[in-house]
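Coordinates in review
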Amino acid sequence: MKFPIRLFPENTKIDFVDKRVFAFIVTSLMVVAAIILLFVPGLNFGTDFKGGILIEARSNEAIDLGALRKSLDGLGLGGVEIQEFGTNKDVMVRLERQDGGEEAQNKAISLVRETMGSGYEYRRVEVVGPRVGGELRNAAMLALGLAMLMIGCYVAFRFEWQFGVAAVIATFHDVFVTVGLFAALGLEFDLTAVAALLTLAGYSLNDTVVVFDRIRENLRKNKNATLKSIINDAVNQTLSRTLMTSLTTLLAIVPLCLFGGPALFGFSIAITWGIVVGTFSSIYVAAALLLYMKPLRGIRSGIEKDAPALETTA
């Protein structure tokens, strides 16, 4: 016996397509806000991208982060970031790149180790130069771009090119708006943030493909229906699944935001925000974009009048 869980009745008839203009306005405002935030104040690039010093150490006893931060802040080395990770005996220290060459970086590392004392086992000490950081930043942007391209190619191959274009636009929106969140909150944008964005792109695509698959199925079943009604039916039929998936994922991610500590905050907040924005775009944006594409194998939009979705022959 099946016990399906539905957040909405099976015969839900919400007109999502009719609200597409409002959804497009909200989407456009978020994208414009993200663009502005990328210039003012801009992204807070981490050590991975702008260069700097990274020290990972383990103490013999629990670390008092407050006391350690106070000690290192007084060294005059610029911005110092301290994060606890793994256990309360593990700490990660990030320093700005010091003015001067390799000698200045080594001097800063020696000063930090001297201040922290001999009760630490130094597991990793790295100096990332600005050139290497720039190369990593370019590689990260290339990875995101290729991910968007492959997403479009996959959806276009599985469905039709119009679906691929709509999927790329919706996924790009989700990722770009999340990048804007990093700029707005001043969160450190590093390789962990890039991993979060790639994870988000895959998650967003999953929801979009589910809706597209139902649209394709309904097109085969209802050849005389308008594309507008087919899109509305598909979104309504998958609405409970979409929201249940998002809510259950949030149940796992939100505790990471609240209790995961600084090391996981950037990753978890990006996924949390991305799920909310991605759910919105999957419901209101991705499918509605198909109305503005060229006819799909004879499909008419049915926006202006109640035209059939597929031509029928006598």
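Summarised in this report is the structure supplied together with it. (Residues numbered from 1 in each chain as written. Predicted model: local features only at pLDDT ≥ 70, side-chain atom pairs only at ≥ 80, totals over all residues. Heavy atoms only, no water.)

Thoughts on empty space enclosed by the protein
Evaluation of the coordinates by the stated rule reveals one cavity of 30 Å³ or more. Roughly 30 Å³ of internal volume is contained in the largest cavity. If you trace the largest cavity, you find it lined by Phe 16, Val 17, Ile 231, Asn 232, Val 235, Ile 283, Tyr 284 and Ala 288. When residues of the lining of the largest cavity are traced back to their parent elements, those giving at least two are helix H8 (227-259) and helix H9 (262-286). Tallying contributions element by element places H8 first for the lining of the largest cavity, with three residues. Taken together, the residues of the lining of the largest cavity sort by class into seven nonpolar, one polar and no charged. (1 Å grid on protein atoms, 1.4 Å probe; cavity = no way out; pocket = protein on both sides within 12 Å on 5 of 7 lines; lining within 4 Å. Points joined across faces, edges and corners; volume = space filled by probe spheres on them. Helix = DSSP H or I, 4+ residues; strand = E, 2+ residues; numbered from the N terminus. Nonpolar A, V, L, I, M, F, W, Y, C, P; charged D, E, K, R; others polar.)

So, the side chain of Thr 279
Here Thr 279 shows up in helix H9. Setting aside its immediate chain neighbours within four residues, Thr 279 contacts Asp 207, Thr 242, Leu 243 and Ser 246. (Contact = heavy atoms within 4.5 Å.)

Remarks on H8
Across its 33 residues, H8 extends 46 Å between first and last C-alpha, which sits within 8% of the 48 Å expected from 1.5 Å per residue. Trailing H8 by a residue or two, Gly 261 shows a phi angle of about 85°, which is positive. (Expected span 1.5 Å × (residues − 1).)

Notes on the sheet that holds strand S4 (residues 90-96)
In spatial order, the strands read S3-S4-S2-S5; together these four strands make up an open sheet with antiparallel pairing. Unpaired on one side and paired on the other, strand S3 (80-84) and strand S5 (120-128) mark the two borders of the sheet. Adjacent strand axes in the sheet meet at a mean angle of 15°, parallel and antiparallel pairs treated alike. Strand direction decides the pairing type here: strand S2 (residues 52-59) and S5, joined by eight bridges, are antiparallel. (Pairing = 2+ DSSP bridges. Axes fitted to C-alpha atoms, helices over the stretch in contact; angles between N-to-C directions.)

Some words on the packing of helix H7 (residues 191-221) against H8
Interaxial distance between H7 and H8 falls to 8 Å at its minimum, and their mutual angle equals 145°. Of the two possible hands of crossing, H7 and H8 adopt the one that is right-handed. Looking at side-chain class alone, the contact of H7 with H8 contains 10 nonpolar, eight polar and four charged residues. (Left-handed = near helix turned anticlockwise from the far one by under 90°.)

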